[in-house]
Structure formats: structure tokens, C-alpha cells
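# Report on the structure
Each chain, letter by letter, is given below.
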Amino acid sequence: MSETEVKEKEKPVKLEKVAEDTGELVGKGLRKAWSVTKSFGKGLVDTIDKKEEPKDNKACPHCSASVSSDSNFCASCGKKLVEK
Ligand SMILES: [Zn+2]
């Protein structure tokens, strides 16, 4: 009986400690991952901003989607963009 008592007392303590350590590690990892994601997202937005300038866009005659003026095909409907 005394063995079971010890085991039952030890188990929650160990689990708690593991959870604490894991939570700390996950918290640290998440914070690190978040800052990486944040800078990556910022770079992505910067790239999109530079790529898609309003003056380079035109409306697709078939589906009215905004497409780049130097592309020959609509990225939305896939039809050829004919310009007069
Ligand atoms: Zn289209």
C-alpha cells in the first residue's frame, strides 16, 4: 500500500514539473517563432506592395479581375487578355 501511495504522490508532481518545463519551452519557442513569422510576414507584405503597383493593373475584360498589365493571360479566369 505504501508503494502505491508514493507512486500516486509522485506522479502528479512529475507531470506538473514536465508540464511546467514544456510550457516554458513552448512559450519560448512560440515567442521566437512569432517574431520570425512577424518579420517574414512583413517582408512578404513589402514584396507584394512593391510588386503590385496600381498603375500596372488593369481589369480583365472577361471577369473584371485586377490583373497585371504586362501579363497576357488573366490570373483569375485564365483567358487571354486582348488589348486594342
Ligand atoms: Zn479574367
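No experiment lies behind these values; they were computed from the predicted model shown. (Residues numbered from 1 in each chain as written. Predicted model: local features only at pLDDT ≥ 70, side-chain atom pairs only at ≥ 80, totals over all residues. Heavy atoms only, no water.)

### Digging into the overall build of the chain
Counting its secondary structure elements, the chain contains one helix and two strands. The helix and strand sequence of the chain, counted from the amino end, reads α-β-β. Relative to its 84 residues, the chain shows a buried fraction of 7%. Restricting the contact set of the chain to residue pairs at least 6 apart, pairs at least 24 apart contribute 2%. Total accessible area on the chain stands at roughly 7700 Å², and carbon and sulfur atoms take up 59% of it. (Helix = DSSP H or I, 4+ residues; strand = E, 2+ residues; numbered from the N terminus. Buried < 20%, exposed > 50% of the residue type's maximum accessible area, 1.4 Å probe, protein only. Contact = heavy atoms within 4.5 Å. Areas by Shrake-Rupley, 256 points an atom, 1.4 Å probe, with all protein chains shown as cover.)

### Here's the deal with the coordination of the zinc ion
Every protein donor of the zinc ion is listed here as C60 (SG), C63 (SG), C74 (SG) and C77 (SG), and their distances to the metal cover 2.2 to 2.4 Å. On the basis of relative accessible area, C77 is assigned to the partly exposed category, the value being 34%. (Donors = N, O, S within 2.8 Å, 3.2 Å for Na, K, Ca; no water.)

### Let's talk about the pattern of salt bridges
Under the counting rule described, the total for this entry stands at one salt bridge. Among the ionic pairs, D21 bridges to K17, the shortest N-O distance being 3.1 Å. Separated by four residues within a single helix, D21 and K17 lie in helix α1 (residues 2-51), roughly one turn from each other. Look at K17 and you get partly exposed, because its relative accessible area is 47%. (Salt bridge = Lys/Arg side-chain N within 4 Å of Asp/Glu carboxyl O.)

### A short note on unusual backbone geometry
Backbone geometry places S64, a non-glycine residue, at a positive phi of 65°. With respect to the secondary-structure elements, S64 resides in the loop between β1 (57-59) and β2 (66-68).

### Considerations on the environment of S76
If you trace the backbone, S76 turns up in the segment after β2. Assessed through its relative accessible area of 55%, S76 is described here as exposed. Considering only alpha carbons, one finds S76 and S64, 12 residues apart in sequence, at a separation of 9.1 Å. Apart from the residues within four sequence positions on either side, S76 is in contact with C63 and A65.

### A closer look at the environment of D56
Mapping D56 onto the fold places it in the loop between α1 and β1. Residue D56 is classed as partly exposed on the basis of its relative accessible area of 31%. Between the C-alpha atom of D56 and that of V67, which follows or precedes it by 11 residues, the distance is 8.3 Å. Dropping the residues within four chain positions of it, D56 is found in contact with V67, S68 and S69.

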